[in-house]
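Architecture at a glance
Now for the letters of each chain:
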Amino acid sequence: MKSVLVIGLGNFGMLTVKKIHELGHQVMAIDKNEERVNSALPYVTNALIGDSTNEKFLGSLGINNFDVCIETIGNDFQSSLETTCLLKELGGKVVVSRANREVQAKFLLRNGADEVVNPEKQIAKWTAIRYTSDYILDYIKLDDDYAIFEVKIPLEWIGKSIRQVDIRQKYKINVMAIKKNGHMNLAISADDIFTSDETLLVIGEHKAIQKCFHI
């Protein structure tokens, strides 16, 4: 279990808080808006109304006691930047900050953020990849070259084994798991036969997956 501080309870911040709670971690939430703070109460260990750009207020929270500090302020970059700087200066172990633009990400990384997330950019990329392909259902970016994709099985593969299709040799793609009825089978073998009610988790280079699944 980790202890997480979330600053900013707009839509993205609230969704982050709920997911952290769902995962079983302890979370403290901070926002200037009393109504937002009250809305977060069912999902947090503690929630406070306060200004995260106020060093005295932020210092009173014991920042170095949190495993992760997540700053999700989306509509006031000055406050976002000041909060990020203070979190690191006050001993934040891992500071994750939200950016809406690339230039914001650069400033945040230079001023205390260990990681930066850009929700709109990430969702836009996911949407573009997901809905311009007949096969891609989901994906997780690993780096600029590699990703994990959940894909539908092409019709021409149905009834054939992994060995017969020979994905690894032909496309340099590795099959990680077969998913059926919501259940993930990681114990796969080259003799497993593809069926129409399954999907695959595959890992490989973006270019190789584009070639294989005609993205």
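Residues numbered from 1 in each chain as written. Predicted model: local features only at pLDDT ≥ 70, side-chain atom pairs only at ≥ 80, totals over all residues. Heavy atoms only, no water.

1. Details of the pairing of strand β5 (residues 95-98)
Here β5 shows two buried faces, one formed by V95 and S97 and the other by V96 and R98. The sheet contact formed by strand β4 (residues 68-71) and β5 spans three bridges and is parallel. Considered in β5, the bridge of E71 is made with S97. With respect to chirality, the unit in which β4 leads through helix α4 (residues 77-89) into the neighbouring parallel β5 is right-handed. Relative to strand β6 (residues 115-117), β5 runs parallel, the two being bridged by three bridges. If you follow V96 over to β6, its bridge partner there is E115. Handedness of the β5-helix α5 (residues 102-110)-β6 crossover: right-handed. (Buried < 20%, exposed > 50% of the residue type's maximum accessible area, 1.4 Å probe, protein only. Helix = DSSP H or I, 4+ residues; strand = E, 2+ residues; numbered from the N terminus. Pairing = 2+ DSSP bridges. Right-handed = clockwise from strand over helix to strand, strands pointing away.)

2. Things to note about the environment of I63
Relative to the elements of secondary structure, I63 occurs in the loop between α3 (55-59) and β4. Separated by 23 residues in the primary sequence, I63 and L86 place their C-alpha atoms 9.5 Å from one another. Beyond its immediate stretch of four places on either side in the chain, I63 contacts L5, L58, C69, L87, L90, G91 and G92. (Contact = heavy atoms within 4.5 Å.)

3. Let's talk about the sheet that holds strand β8 (residues 146-152)
Spatially, the five strands line up as an open sheet ordered β7-β8-β11-β9-β10, and their pairing is antiparallel. Strand pairing shows two members of the sheet lacking a second neighbour, β7 (136-141) and β10 (183-185), which therefore form its edges. Taking the axes of each pair of neighbouring strands and ignoring which way they run, one obtains an average angle of 25° across the sheet. In terms of strand pairing, β8 meets strand β11 (residues 198-205) through seven bridges, oriented antiparallel. Each bridged residue has a counterpart across the sheet, and for Y146 the counterpart in β11 is E205. (Axes fitted to C-alpha atoms, helices over the stretch in contact; angles between N-to-C directions.)

4. So, the packing of α4 against α5
Closest axis-to-axis distance for the α4/α5 pair is 9 Å, and the angle between their directions is 25°. Classed by the angle they form, the pair α4 and α5 counts as roughly parallel. Pair α4 / α5 crosses with right-handed handedness. Between α4 and α5, the residues in contact are F77, S80, L81 and T84 and Q104, F107 and L108, respectively. (Parallel < 35°, antiparallel > 145°, perpendicular 65-115°, else oblique. Left-handed = near helix turned anticlockwise from the far one by under 90°.)

5. So, the nonpolar core
The nonpolar side chains of soluble globular proteins are, as a tendency, buried together. Counting residues in each nonpolar core, the largest one holds 22 residues, and the members touching the most others are F149, W157, I173, F194, L200, V202 and F213. Examining the composition of this core, we find that four residues originate from one element, helix α9 (residues 206-213), more than from any other. Excluding anything up to four places from it in sequence, F194 contacts I153, W157, I158, G159, K160, S161, I162, V165, I167 and L200. (Core = buried A, V, L, I, M, F, W, Y, C linked by side-chain atoms within 4.5 Å.)

6. Points about the packing of aromatic side chains
Using the criterion set out here, one finds five aromatic pairs in the structure. Aromatic side chains Y135 and F213 sit 6.1 Å apart centroid to centroid with 55° between the ring planes, which places their arrangement in the tilted category. On the criterion of sequence distance, the pair formed by Y135 in the loop between α6 (119-131) and β7 and F213 in helix α9 is long-range, its members being 78 residues apart. There is no split in this pair, since Y135 and F213 are both buried. When the centroid spacing of 5.5 Å and the interplanar angle of 25° are considered together, the rings of Y139 and F149 count as stacked. One end of the pair, Y139, is in strand β7; the other, F149, is in strand β8, and ten residues separate them in sequence. When sorted by exposure, Y139 lands in the same class as F149, which is buried. Taken together, Y135, W157, F194 and F213 form an aromatic cluster joined through their ring pairs. (Phe/Tyr/Trp six-rings, centres within 6.5 Å; stacked < 30°, edge-to-face > 60°.)

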